[in-house]
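An overview of the molecular structure
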Amino acid sequence: MTRLRVGFGCAIALLLGVSTASAQGTVKIGLINVLSGQFADAGIQLDNGVKTYMKQHGDTVAGKKIEIIRRDVGGPAPDVAKRFAQELVVRDGVDILAGFLLTPNALAAADVSAQAKKFMVVMNAATSIIITKSPYMIRTSVTLPQVMETFGTWAAKSGLKKCYTMVTDYGPGHDSEAAFQRAFKEAGGEIVGSVRFPVANPDFSAFVQRAKDMNPECIYIFIPGGAQPAALGKAFAERGIDFSKTKVLGSGETTAEQALKAMGDAGLGMISAWHYDYKSDAPLNVEFVKVFNEMHGRNPDFFSIGGYDGMHAIYIRRVQKVGGELVNVPFDKIENVKDPTRARGG
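Values in this document were obtained by computation on a predicted structure and should not be read as measured data. (Residues numbered from 1 in each chain as written. Predicted model: local features only at pLDDT ≥ 70, side-chain atom pairs only at ≥ 80, totals over all residues. Heavy atoms only, no water.)

What to know about the nonpolar core
Core analysis: the biggest nonpolar cluster contains 58 residues, and Ile66, Met148, Phe180, Tyr220, Leu249, Met311 and Ile314 have the highest contact counts within it. Not counting residues within four places of it along the chain, the set of residues in contact with Met311 comprises Ile29, Val50, Tyr53, Met54, Ile66, Ile68 and Met123. (Core = buried A, V, L, I, M, F, W, Y, C linked by side-chain atoms within 4.5 Å. Buried < 20%, exposed > 50% of the residue type's maximum accessible area, 1.4 Å probe, protein only. Contact = heavy atoms within 4.5 Å.)

What follows is the structure, given as structure tokens:
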């Protein structure tokens, strides 16, 4: 397996929302995640990132106690995600909505963030339009186009001229497909065919056979993280795809550590491009991985770093920067907020 790393870390933005529980010395965070079903491991890794940040930095910031209220959506379930967001805001009085492993859930909760003027931190969902849906929202993960356009250009310039694309039929799949295809064609490549498969429990065999029949030089794939990458890798092996003859290209989900463990030798030869690799030797990452290993007995992944960076945004940019006070200001008005740290050069 070869991985191209097209950048490291996530941009942390400053954004403010409305205050409720903070007046009593507590900042409540409603963490809407997926902790059961086929995406459970991905959700657990995101939550592990949250827990790791709080282990390193404590559960109090700027004099405010941080309280996490967790909700399990169970999969791509926008109606459930929206209901949880409404309940967390109205019944539980949360100050911040966070989590959001999957795009449909993030989009559904965005309406609640906008209407209730609640700060919302998307820690994974990668469809590019998400944060346009609420002025109180930031994302600490990635968008697919920012990586896949680079990947498409690299593929064509590396001598691959005919490619078949296979993506999951929802927002991130559409984003990644469009970005890769556009860049690949602009760099001189040709898309010889494409297919989309359902989000929930697909059988990949027929899709892989269809790609094989087209005899492309490469196959580009996007599927969500969790249990599906291993299943797709096994389908490639069962259908006799020879990675030395047909290059298989994918996003970081395709070659995540857990997926590769499940695939075994079936994953050898896959090429992926992504924004994070736990093997980075950047000092902050080395320390993060060390603490993560000690706490959870495994390595972090891109879900983990999304959760970790999301908590950093909340601690440093949301609470500490305004001295523990939560102010109702949308993102585009942030410069009008008095930031007590600026006088100290913060």
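With respect to unusual backbone geometry
A positive phi angle, close to 55°, is found at Ala62, a residue other than glycine. Structurally, Ala62 can be placed in the loop between β3 (60–61) and β4 (64–72). Phi is positive for Lys117, close to 55°, though the residue is something other than glycine. Look at Lys117 and you get partly exposed, because its relative accessible area is 37%. (Helix = DSSP H or I, 4+ residues; strand = E, 2+ residues; numbered from the N terminus.)

Considerations on the pairing of strand β6 (residues 119–122)
In the case of a regular strand, side chains alternate between the two sheet surfaces. Burial along β6 is two-sided: Phe119 and Val121 facing one way and Met120 and Val122 facing the other are all buried. Relative to β6, strand β5 (residues 96–99) is paired through four bridges, and the arrangement is parallel. Considered in β6, the bridge of Ile96 is made with Phe119. In terms of handedness, the path from β5 via helix α3 (residues 103–116) over to β6 forms a crossover that is right-handed. As paired elements, β6 and strand β7 (residues 137–139) share three bridges and run parallel to each other. (Pairing = 2+ DSSP bridges. Right-handed = clockwise from strand over helix to strand, strands pointing away.)

So, the sheet that holds strand β2 (residues 26–33)
Taken in spatial order, the six strands of this open sheet run β3-β4-β2-β5-β6-β7, and their pairing is mixed. The outermost strands of the open sheet, each flanked by one partner alone, are β3 and β7. Along the sheet, helix α2 (residues 78–90) contacts β2, β4 and β5; its crossing angle with β2, the most-contacted strand, is approximately 170°. Strands β5, β6 and β7 of the sheet are contacted by α3, whose axis makes an angle of about 165° with β6. (Axes fitted to C-alpha atoms, helices over the stretch in contact; angles between N-to-C directions.)

A word on the environment of Gly252
As for its position among the elements, Gly252 is in the loop between β11 (247–251) and α8 (257–263). Sequence-wise, Gly252 and Trp274 are 22 residues apart; in three dimensions their C-alpha atoms are separated by 4.9 Å.

As for the pairing of β5
Every second residue of β5 is oriented toward a common face, with Ile96 and Ala98 on one face and Leu97 and Gly99 on the other, all of them buried. As paired elements, β2 and β5 share four bridges and run parallel to each other. Bridging across to β5, Gly30 finds its partner in Leu97.

Topic: the packing of helix α4 (residues 144–157) against helix α5 (residues 171–186)
Close contact between α4 and α5 brings their axes to 7 Å; oriented N to C, the two are set at 35°. Pair α4 / α5 crosses with right-handed handedness. Here α4 contributes Leu144, Pro145, Met148, Glu149, Phe151, Gly152, Thr153, Ala155 and Ala156 to the contact with α5, which in turn contributes Pro172, Asp175, Ser176, Ala179, Phe180, Arg182, Ala183 and Phe184. (Left-handed = near helix turned anticlockwise from the far one by under 90°.)

Quick word on α4
Taking 1.5 Å of rise per residue, 14 residues should cover 20 Å, and α4 covers 20 Å from first to last C-alpha, within 8% of that figure. What α4 keeps buried is the set Leu144, Pro145, Val147, Met148, Phe151, Gly152, Ala155 and Ala156. For α4, the angular spread of the buried residues around the axis is 160°, confining them to a single face. One or two residues past the end of α4 sits Gly159, with phi positive at roughly 105°. (Expected span 1.5 Å × (residues − 1). Arc of directions from axis to C-beta.)

Structural notes on helix α1 (residues 40–57)
Three- or four-residue spacings in an α-helix give side chains the same orientation, since the helix completes a turn every 3.6 residues. Taking 1.5 Å of rise per residue, the 18 residues of α1 would be expected to cover 26 Å, and the 26 Å separating its terminal C-alpha atoms lies within 8% of that figure. By the burial criterion, the buried members of α1 are Ala40, Ala42, Gly43, Gln45, Leu46, Asp47, Asn48, Gly49, Val50, Thr52, Tyr53 and Met54. Positioned one or two residues after α1, Gly58 has a phi angle of 80°, which is positive.

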